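Descriptive structure summary
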Number of protein chains: 2
Amino acid sequence: MTELSRYLNEKQALMDTALKDCLPAEGTRPAVLHQAMRYCVLNGGKRIRPILCIAVAETFGTRPKAALAAAVAVELFHCSTLVHDDLPCMDDDDLRRGMPTCHVKYGEANAVLTGDALMIHAFHILAESGSARLSLELAKAAGSMGVIAGQVEDLDAEGKKPNAGLIEFIHMNKTAILIRAAVRMGALVGGAAEDELETLSLFSEKIGLAFQIEDDILDETSTDEVLGKPAGSDAEQHKMTYPAVHGMDVAAEKVRSLTSEAVGLLNMMPRNTHILRSIAEYLVSRRS
Amino acid sequence: MTELSRYLNEKQALMDTALKDCLPAEGTRPAVLHQAMRYCVLNGGKRIRPILCIAVAETFGTRPKAALAAAVAVELFHCSTLVHDDLPCMDDDDLRRGMPTCHVKYGEANAVLTGDALMIHAFHILAESGSARLSLELAKAAGSMGVIAGQVEDLDAEGKKPNAGLIEFIHMNKTAILIRAAVRMGALVGGAAEDELETLSLFSEKIGLAFQIEDDILDETSTDEVLGKPAGSDAEQHKMTYPAVHGMDVAAEKVRSLTSEAVGLLNMMPRNTHILRSIAEYLVSRRS
């Protein structure tokens, strides 16, 4: 097992425990809501965003525990967006990580409310940690000029003529901005100086975009079994994707150049960033 | 014009301005989202929750401006729940305050995302104010053991046998808990001592329950024109209501006793609470 695999496994386990602990027990009234919340979060997710958050905090010599509230909040928010994105009125997906999506299992109304509850719980966790600064980072990235903006334009772009500016807006907002928030929150917990925060922000935008372009590529080239969801669903839903706009070769080259620029930024930092570098490279070499 | 009418008009205007100012401009990308957010908030709402928040802060000698972030956040969150409650998979309402509901005007996907964006914006405003304590109050009241819990059980109760415990759970969580949060946030801004915070919490639970029971009564006895939404919609949707469980006479008596208990609690406080008293009485004497 490589050092990175060990690191990812260890942090994934840490996150799974933290997420289990932070969610109300299944029996808590209303039971169906708390069951659904746990179902949508405790589903074997890769925990990429929270692991990045923790890894960045560790780069500053901070213990993972100090970044746990930030990491948990980012993952809860991410899960909430998946629940809403899967709804019949949005992407209408039946499968997520190989399992029935929330609305298939719990009904549509409960799925809307489960997404709402997870979203609020993310801010609950940050409020409990006592940091308005971390809440501000998440709220800025999550809101109407962030993740939600990306989702609105993603839906609106379906079936439209490929457009380079539009796909960049969608990828930046729908995906990169939350990865950026995860990284910045880790840096804030670690006490990063302003210039390091800036460098890490740029780093995270680049790996966030690379990650989403790789996702588009995998959707087109992988199989249902490997992805845990229907491969080719982007094309079927007439989604605008990076390969659809620029072609597969340019997409693959863009993933490589963004990753190498991101790693170049890390090298400017007077810190041991080898784990961050490994994660950046892992993000674009994964199979699902 | 009575002193209360003047007070309510003045604070309503203050809130309308604050809400206008806190929302991104209509042209902000994605324009449809920001138009929808403004449409769902700037619609002539009565602003009961934020006015209570400000009135409580004023009871402690605090200027309205200091309570504005809390007041705005509570109202934004309230509006977000209305947008989601109106969705086809929930109450499937076409009208809200006499206007087409969000999903009727902007489509279902945009309505889900507009509700999400308003919810996140509420926490954004509180984070900008720098107070994790206020965020915690809102998150606790809003989440899976608060407003969302109330909505889950409200939907689940449709068509079921009237049940006194269940209707109290629904009313407490769907309505009273957010009125309680508004009052507590105003008290926190005002620097209330622990015992005053407790007294005001009880006060707000009572007026919150009275308010919701009165709402049930109005739905059964008023007209479409006066309500700005279809009268009798509770019965049509087989909603569980307080009058359906206890009968109309008991319901009216409960409204009176809760209000008088609430006013009794105010009288225990060594403050000038006459505006709070007037608001408590107004809440159950309104026609819509």
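Quick look at the structure, then. Just so it is clear, the structure is predicted and the values come from calculations on it, not from any experiment.

**Description of the overall build of chain A**
Secondary structure assignment for chain A yields 15 helices and two strands. Taken over C-alpha atoms, the radius of gyration comes to 18 Å for chain A, in line with the 19 Å a tight globule of 288 residues would show. Counting over 288 residues, chain A shows a buried share of 59%. Restricting the contact set of chain A to residue pairs at least 6 apart, pairs at least 24 apart contribute 73%. Of the roughly 11000 Å² of accessible surface on chain A, 50% is carried by carbon and sulfur atoms. Here chain A carries 29 positive and 40 negative side-chain charges, and the mean point of each set is 5 Å from the other.

**Some remarks on the side chain of Glu196(B)**
Residues and elements named next belong to chain B. Position of Glu196 relative to the elements: it lies in helix H10 (residues 194–221). Engagement of the side chain of Glu196 in a polar contact is seen with the side chain of Arg271, the distance being 2.9 Å. Other than its neighbours up to four places away in sequence, Glu196 contacts Phe60, Met269, Pro270 and Arg271.

**Quick notes on the interface of chain A and chain B**
How big an interface is tends to be stated in terms of accessible area lost as the parts join. Contacts between chain A and chain B engage 45 residues on the former and 45 residues on the latter. Regarding the contact of chain A and chain B, the summed buried area is about 3600 Å², with carbon and sulfur atoms giving 78% of it. When the buried surface of chain A facing chain B is broken down by residue, Arg29(A), Leu113(A) and Ile120(A) rank first, second and third, together holding 17% of it. Across the salt bridge formed by Glu153(A) and Arg29(B), the nearest N and O atoms sit 2.8 Å from each other. Where chain A packs against chain B, one counts six residue pairs in polar contact (both at pLDDT 80 or more). When its residues are assigned to classes, the side of chain A that touches chain B shows 28 nonpolar, eleven polar and six charged.

**What about helix H14 (residues 248–267) of chain A?**
All names here are of chain A. The end-to-end C-alpha distance of H14 is 29 Å, a good match for the 28 Å that 20 residues give at a rise of 1.5 Å each. For H14, the complete set of buried residues consists of Ala251, Val255, Leu258, Thr259, Ala262, Val263, Leu265 and Leu266. Buried residues in H14, looked at end-on, bunch into an arc of 155°, giving them a common side. Facing away from the buried side of H14 by more than 90 degrees, the exposed set consists of Asp249, Arg256 and Asn267.

**Details of the relation of the copies chain A and chain B**
The relation between the two chain copies is a rotation about an axis coupled with a shift along that axis. Least-squares fitting of chain A to chain B yields an RMSD of 0.0 Å, with the transformation described by 0.0 Å of translation along the axis and a rotation of 180°. Taken together, the rotation angle and the small translation identify this as a two-fold axis. No C-alpha of chain A lies nearer the rotation axis than that of Ala132(A), which sits 2.5 Å from it. Both copies present the same face, since 100% of the interface residues in chain A are matched by interface residues at the equivalent positions in chain B.

**Some points on the environment of Lys105(A)**
Residues and elements named next belong to chain A. Looking at the secondary structure, you find Lys105 in helix H5 (residues 102–106). Among the residues examined, Lys105 registers a relative accessible area of 46% and is labelled partly exposed. On a C-alpha basis, the gap between Lys105 and Val250 in space is 39 Å, while along the polypeptide they are 145 residues apart.

**Some points on the pattern of salt bridges**
All names here are of chain A. Here the structure, examined in full by the defined rule, presents 38 salt bridges over all chains. Its salt-bridge partner being Arg47, residue Glu75 comes within 3.0 Å of it at the nearest N-O pair. Here Arg47 lies in the loop between helix H2 (31–41) and helix H3 (48–59) and Glu75 lies in helix H4 (residues 68–85), a separation of 28 residues in the sequence. Exposure remark for Glu75: the relative accessible area of 1% places this residue in the buried category. Within this structure, Asp85, Asp91, Asp154, Glu158, Lys174 and Lys239 form a network of salt bridges that share partners.

**Some thoughts on unusual backbone geometry**
Residue and element names in this part refer to chain A. Cis geometry is found at the peptide bond from Arg29 to Pro30, where omega equals -5°. Tracing the sequence through the fold places Pro30 in the loop between helix H1 (3–22) and H2. One non-glycine residue with positive phi stands out, namely Arg47, at about 60°. A positive phi angle, close to 50°, is found at Arg97, a residue other than glycine. Take Arg97: its relative accessible area is 29%, and that puts it in the partly exposed class.

**Concerning the packing of aromatic side chains**
Scanning all chains against the criterion turns up three aromatic pairs over all chains. Seen in terms of ring centroids, Tyr39(A) and Tyr106(A) are 5.7 Å apart; in terms of plane orientation they differ by 75°. Their pairing is edge-to-face. Here Tyr106(A) lies in helix H5 and Tyr39(A) lies in helix H2, a separation of 67 residues in the sequence. What makes Tyr39(A) buried here is its relative accessible area of 16%. Taking the relative accessible area as the measure of exposure, Tyr106(A) reaches 17% and is therefore buried. A cation sits over an aromatic face here: Arg29(B) above Phe169(A), 3.7 Å from the ring centre.

**Overview of the packing of helix H9 (residues 164–189) of chain A against helix H10 (residues 194–221) of chain A**
Residues and elements named next belong to chain A. The N-to-C vectors of H9 and H10 enclose an angle of 135°; their axes lie 7 Å apart at closest approach. If you check the angle between H9 and H10, you find them oblique. Considering only the axes of H9 and H10, their crossing is right-handed. Counted by class, the contact of H9 with H10 contains twelve nonpolar, six polar and six charged residues.

**Regarding the environment of Val226(A)**
Residue and element names in this part refer to chain A. Take Val226: it is sitting in helix H11 (residues 224–227). Placed 143 residues apart in sequence, Val226 and Val83 show a C-alpha to C-alpha distance of 21 Å. Aside from chain neighbours lying at most four places away, what touches Val226 is Arg287 and Ser288.

**Let's talk about H1(A)**
All names here are of chain A. If you check H1, its first and last C-alpha atoms are 28 Å apart, about what 20 residues at 1.5 Å a residue would give, namely 28 Å. Along H1, the residues classified as buried are Leu4, Tyr7, Leu8, Lys11, Met15, Ala18, Leu19 and Cys22. Mapping the buried residues of H1 onto a view down its axis gives an arc of 95°, with all of them on the same face. Where H1 is buried, its residues meet H2, H3, H4, helix H6 (108–129) and helix H15 (274–283).

Conventions and cut-offs
- Residues numbered from 1 in each chain as written.
- Chains lettered and ligands numbered in written order.
- Predicted model: local features only at pLDDT ≥ 70, side-chain atom pairs only at ≥ 80, totals over all residues.
- Heavy atoms only, no water.
- Helix = DSSP H or I, 4+ residues; strand = E, 2+ residues; numbered from the N terminus.
- Rg over C-alpha atoms; globule rule 2.2 N^0.38 Å.
- Buried < 20%, exposed > 50% of the residue type's maximum accessible area, 1.4 Å probe, protein only.
- Contact = heavy atoms within 4.5 Å.
- Areas by Shrake-Rupley, 256 points an atom, 1.4 Å probe, with all protein chains shown as cover.
- Lys, Arg positive; Asp, Glu negative; His and termini not counted.
- Charge placed at Lys NZ, Arg CZ, Asp CG, Glu CD.
- Polar contact = N/O pair within 3.5 Å; in protein donor to acceptor, adjacent residues only side chain to side chain.
- Buried area = accessible area lost by both parts, 1.4 Å probe.
- Salt bridge = Lys/Arg side-chain N within 4 Å of Asp/Glu carboxyl O.
- Nonpolar A, V, L, I, M, F, W, Y, C, P; charged D, E, K, R; others polar.
- Expected span 1.5 Å × (residues − 1).
- Arc of directions from axis to C-beta.
- Least-squares fit on C-alpha atoms with pLDDT ≥ 70 in both.
- Phe/Tyr/Trp six-rings, centres within 6.5 Å; stacked < 30°, edge-to-face > 60°.
- Lys NZ or Arg CZ within 6 Å of the ring centre and 35° of its normal.
- Axes fitted to C-alpha atoms, helices over the stretch in contact; angles between N-to-C directions.
- Parallel < 35°, antiparallel > 145°, perpendicular 65-115°, else oblique.
- Left-handed = near helix turned anticlockwise from the far one by under 90°.

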